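Residue strings, one per chain:
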Amino acid sequence: MSERIRILGLDPGLRNTGWGVITIEGTKLSFVACGVVTSDGDLDLALRLKQLHDRLTDVIRTWTPDEVSVEETFVNKDAQATLKLGQARAMSLLVPALHGLPVSEYGANQVKKTVVGVGHAEKEQVQAMVKILLPKADFKKADAADALAIAIAHAHHRKARALAASY
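All values derive from a computational prediction rather than experimental measurement.

1. Remarks on the overall build of the protein
Then, number 1: When helices and strands are tallied, the protein shows 5 helices and 5 strands.
Then, number 2: Counted from the first residue to the last, the protein has its helices and strands arranged as β-β-β-α-β-α-β-α-α-α.
Then, number 3: For 167 residues, the compact-globule estimate of 2.2 N^0.38 gives 15 Å, and the C-alpha radius of gyration of the protein, at 15 Å, lies within 12% of that figure.
Then, number 4: Dimensions of the protein along its principal axes, counting C-alpha atoms only, are 50 × 35 × 35 Å.

2. Let's talk about the sheet that holds strand 2 (residues 16-25)
Then, number 1: Ordered in space as 3-2-1-4-5, the 5 strands form an open sheet in which the pairing is mixed. Edge positions in the sheet fall to strand 3 (28-38) and strand 5 (103-106), since each of these pairs with one other strand and no more. With strand direction ignored, the average angle separating the axes of adjacent strands in the sheet is 20 degrees.

3. A short note on the pattern of salt bridges
Then, number 1: Counting across every chain of the model gives 6 salt bridges.
Then, number 2: The salt bridge partner of Asp54 is Lys50, with a shortest N-O separation of 2.6 Å. Pair noted here: Asp54 and Lys50 are both in helix 1 (residues 45-63), with a separation of 4 residues, about one helical turn.
Then, number 3: Given the relative accessible area of 31%, Asp54 is considered partly exposed.
Then, number 4: You can call Lys50 partly exposed: its relative accessible area is 46%.
Then, number 5: A salt bridge links Lys140 to Asp138, with the nearest nitrogen and oxygen atoms 3.0 Å apart.
Then, number 6: Classification of Lys140 by relative accessible area gives exposed; the value is 71%.

Rules behind the numbers
- Residues numbered from 1 in each chain as written.
- Predicted model: local features only at pLDDT ≥ 70, side-chain atom pairs only at ≥ 80, totals over all residues.
- Heavy atoms only, no water.
- Helix = DSSP H or I, 4+ residues; strand = E, 2+ residues; numbered from the N terminus.
- Rg over C-alpha atoms; globule rule 2.2 N^0.38 Å.
- Pairing = 2+ DSSP bridges.
- Axes fitted to C-alpha atoms, helices over the stretch in contact; angles between N-to-C directions.
- Salt bridge = Lys/Arg side-chain N within 4 Å of Asp/Glu carboxyl O.
- Buried < 20%, exposed > 50% of the residue type's maximum accessible area, 1.4 Å probe, protein only.

Okay, structure coming up:
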């Protein structure tokens, strides 16, 4: 019998950070929970980051993942937006690390290629495949669906990563 691993996927954002929890047992994926943690756009940056920290801590304490996967940041034309996204992403890396959890990172195209089969898939295609792979998934927001896709990508790549790290 295979061990059951609980994976938390995170789709970082300063306003909305999507999260999704799945389990993998052998090759079987199962939906556990998903949602979005938010920060208040009227607050100073430091307080918004603290909100993300505290709310991600609650997610980890509630859903007790074994491993965490985080989407890598893409650089866009707006340097200020890229910096803010990077800071929100730092919370998505830091909080699990503070809980002693292993964190893996995946680029958006790698996630799409794993879940849909093509690296430049549209958001709707990703959401449709998440529903097929996790029929019980009940996501209300695209950020939560993206986080589930990131968790699915990790479920598919985790053994190869562990193998590569052992060399």
